[in-house]
Amino acid sequence: MVISHYNPVPIHLSHSGAGVAASESLFSFHLNSNSAMTPSLNCNNIIMNGNRNNRKIRNRSNAASHISHINAVKVDQSLVSEDDEDFVLPSKEFVAQANIQSQQQYLEMYKRSIEDPSGFWSDIASEFYWKQKWGDKVYDENLDIRKGKIKIEWFKGGITNMSYNCLDRNIEAGLGDKVAIYWEGNEPGLDGSLTYSQLRDKVCQVANYLKDNGVKKGDTVIIYMPMLMELPITMLACARIGAIHSVVFAGFSAEALAQRIVDCKPKVVISCNAVKRGSKSINLKNIVDAAINDSAQNGVSVGVSLVYENPVALKREDTKWKEGQDIWWQDVIPSYSTNCPVEWVDAEDPLFILYTSGSTGKPKGVVHTTGGYMVYTATTFKYAFDYKPSDIYWCTADCGWITGHSYITYGPMLNGASVLVYEGTPNYPDAGRCWDIVDKYKVTIFYTAPTLVRSLMRDGDEYVTRYSRKSLRVLGSVGEPINPSAWRWFYDVVGDSKCPISDTWWQTESGGFMITPLPGSWPQKPGSATFPFFGVQTAIVDEKGVELEGECNGYLCVKSSWPGAFRTLYGDHERYETTYFKPFANYYFSGDGCKRDKDGYHWLTGRVDDVINVSGHRIGTAEVESALVSHPKCAEAAVVGVEHEVKGQGIYAFVTLVDGVPYSQELRKELILTVRQQIGAFAAPDKIHWAPSLPKTRSGKIIRRVLRKIASKQVDELGDTSTLADPTVINQLIELADS
C-alpha cells in the first residue's frame, strides 16, 4: 500500500472505490438507516505488536467478516509476517493498562455516542460538578441553514463553573497537594511549580483584582502574555468570575492586537513587560502600548493595563510606563484575598473568544461556551492520551492558540493532571532541550507539532539519543498532518518504538479532538489521524455536497453537533453561518480536504480555502496580501502556500510593484518587515516572487492554481490556461522564479 504524503495545495476531488467490498477493507465506514457511520471488518489484515523490529503484517486468510452494525471485533494477532509495514500497534503491555483496550471497546462506545448522544454525554457530564443540572433536552441543534438560524446548544440550563471544576473539585477530591503546574523557564535551571491548592489561591487573587476593577460576568479581558504560569492563572481567574477571556498570542504585532481589542472591547488588558525567546529579548510592553494607542484612535479605550514584571527579560526600571493606565502585577495581586466565590454560569454562557485567521482579511472571533466545551475537552484529553493520574503531561504549544486552551489549561486540569508549562523555545540552548526537560520532569505524555518534529529530525538523532526518555509512554502530534517519514522518526527515535502516537485532527472551531487514534485501541498508519472520536460523525463529500462512501477523496464535513463545537463568531453570526454551514447544507464544513483509504482510515490533505497552515498556525492569505499591499511600493500581491521541509507549509508571495519601482533585495526585506509588523513574525513570507503582473481571467480573477504550481516548481503541470486574459504572464513568472 502506498501511504500518501501531506499535500498542502487544494485537493483534486475524485470518487474512487466507493462502496468497497468488505473483503478489501479492514474498517470502512458505511451509513445505516440512522445515518450513523458503522464499520465493516476484514480479518485479512492482521495487526501485530509495535516494536522496532517486529511491526509488520500480511494477509493470510481469504475469509472476511462483514459487520453491518457495530459489534464485537476480534483481531487475530497470531498471523504475523515481516513483509508489510502498513500498521503499527502498541505493545501488549501498553494495551493491558490502556483506557480503551481494543477496537471492540472503541466501537461499542462509538456506537452508543452516535445512536444515543444524550445518554452518552450525560453520563460523562455527570462526573463534573453542576450547581444545577441541565434540563430534559441534553442538546438542541440546527445545522441546516435552509431551516433557519444555525444553532448548537449542549446542557443548556445546567449551571456550573469551569474554574471550580478545574481546581476546587480536584482539591475536594484530595488532590490539593498534587502539582498542577511545573514551570520551566527559557534559561536552563529557571523553574517553579504550583500545587492545585496554591494554584487556586493565585487564581482567586487575580479574580478578586479583576472584580475590584469592575470586571463582571460577561465582560471581556484580553491576555497578551508569554508562557508564564500567570497565563493559565489569568485564564482560570476570568472563568472563576464569569468573565470572557481572549488570549492573544504574544507574537502578534501591535496592529493585530489592536484589531482584537477594537473587536471585543476588553475591560482590562493583561500582559508582561518582556519575554526571552532563546537568547533574544522581546519587549511586549511596547507592543501593548502601541496597540492601546491604536485602539483609542479607533474609539475603544482600555481602562487598565496590568503588567507582569519578568525581570529575566527586562528590568522594571527599563520598562516604559504610563501613570494612570499601567499597573504592575506584583504591586497589587499579592495583596488580594486567596478566597474568591465562584460566579455560577449557564452551560451556554461564553467561556472565551479566540481569534483565528479566515479566508478574508478580518480574523474571526471563535466563541466557545462553558458546559459542552468542559465535558468535551476533558473527555478527549483522557482518552486520546490514555491519561493516568500518575502522568506528567507536556504540550509544547502556546496558550495563545486553541491547543493551549484545550490541552494545556482546561482538558488536563479537569482531569487533575500535572501539566508542564515551558516558556522558552524547544531548541534553546541546543536541539536537545526538549529531551533534557523530559528527563528532568519524567514526562510521560509529550504533545507537539510536526514542525518541531521535522526540525529536531533535521538536527540529528544524537540530540535525542543522548537523553534517556525512558519515562515517555505516549506521543502526540497537533496542528497539521504529520508526514509518514516524520511520524516514523518520532516513533522510532524519540519513542524508542514503544510509544503510540496520537496524531490528532481538530480545529479552533471544534474545541477538541475530532479524529484521533486512541492508544491501545486502533492499529496506526503513519500519517493517518485514523478514526473519529466519540460523538463525531465525519462525512467526506464531493463538490456538490454528495456524501462519498468507501475509499474516496473530498471535502471533510461533520453531520451533527458535538459538545465542544463553537457556537458563533463574536458579533458576526451571519459570517459563522456563511463560512461553516452554507457551503454544504446540513453539514459543518471544516475547510479541510480528506482522503479515506480502503481500510477506512482518514488522511487529512490540507486546507481547501485560502488559509495556509504554517507550523500549525492558520494564516489567512488575505491577511498577508493586505499587509503587503499596504506598502506604498506594492501595487498587488497574491499569496499561496507551498510545502516546507520544517513548517509543513510556507508562505509564498507574488508581488507586483508600482510602475517604475525597480526590484531590489532591500525592497524585498521591507515587504517582509511590513508583514512582520502588521501581523507577526510567524506570518512573514518565506519567498517574495516578483511579478510584473498576475495570471487572471478576463473578469480579473487571479488563478491561484497556476501560482501554486509555479511556486512548487511544477511548471509542467499548469493545466488549462486558456481562460487567462494574458497567457504570456506565466512565462514571465517562470523566468523570475529564482530572481
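Conventions we followed
- Residues numbered from 1 in each chain as written.
- Predicted model: local features only at pLDDT ≥ 70, side-chain atom pairs only at ≥ 80, totals over all residues.
- Heavy atoms only, no water.
- UniProt positions renumbered as here; feature names shortened; annotations may be inferred.
- Pairing = 2+ DSSP bridges.
- Helix = DSSP H or I, 4+ residues; strand = E, 2+ residues; numbered from the N terminus.
- Axes fitted to C-alpha atoms, helices over the stretch in contact; angles between N-to-C directions.
- Buried < 20%, exposed > 50% of the residue type's maximum accessible area, 1.4 Å probe, protein only.
- Parallel < 35°, antiparallel > 145°, perpendicular 65-115°, else oblique.
- Left-handed = near helix turned anticlockwise from the far one by under 90°.
- Contact = heavy atoms within 4.5 Å.

As named in an unreviewed UniProt entry, the protein chain is acetate--CoA ligase, taken from Lupinus angustifolius. The protein chain has a UniProt comment under Sequence similarities (unreviewed entry) that states "Belongs to the ATP-dependent AMP-binding enzyme family."

Student: What's the story with the sheet that holds strand 22 (residues 501-503) in this structure? I'm lost.
Tutor: Strand pairing in a sheet relies on backbone hydrogen bonds. The paired strands run either parallel or antiparallel. Read from one edge of the open sheet, seven strands run 7-6-19-18-20-21-22, paired in mixed fashion. Both edges of this open sheet fall to strand 7 (191-195) and strand 22, since each of them pairs with a single strand only. Across the sheet, the mean angle separating the axes of adjacent strands is 20° when strand polarity is ignored. Bridging between strand 20 (residues 445-448) and strand 21 (residues 474-477) involves four bridges; their strand directions are parallel. Across the sheet, Ile-445 pairs through a bridge with Val-474, a residue of strand 21.

Student: Before we go on, may I ask you to explain helix 12 (residues 433-441) in this structure?
Tutor: Three- or four-residue spacings in an α-helix give side chains the same orientation, since the helix completes a turn every 3.6 residues. With seven of nine residues buried, helix 12 lies mostly within the body of the structure. Considered for burial, the residues of helix 12 that qualify are Arg-433, Cys-434, Trp-435, Ile-437, Val-438, Asp-439 and Tyr-441. The positive-phi residue at the C-terminal boundary of helix 12 is Lys-442, with phi of around 55°.

Student: Quick question: what am I supposed to make of the packing of helix 5 (residues 196-212) against helix 6 (residues 230-240) here?
Tutor: Between two packed helices, the angle of one axis relative to the other and the distance separating the axes together describe the packing. Helix 6 packs onto helix 5 with a crossing angle of 60° between their chain directions and a minimal axis gap of 8 Å. What the angle tells us is that helix 5 and helix 6 run oblique. For the pair helix 5 and helix 6, the crossing hand works out as right-handed. Contacts between helix 5 and helix 6 involve Leu-199, Arg-200, Lys-202, Val-203, Cys-204, Val-206, Ala-207 and Leu-210 on the former and, on the latter, Ile-233, Thr-234, Leu-236, Ala-237, Cys-238 and Arg-240.

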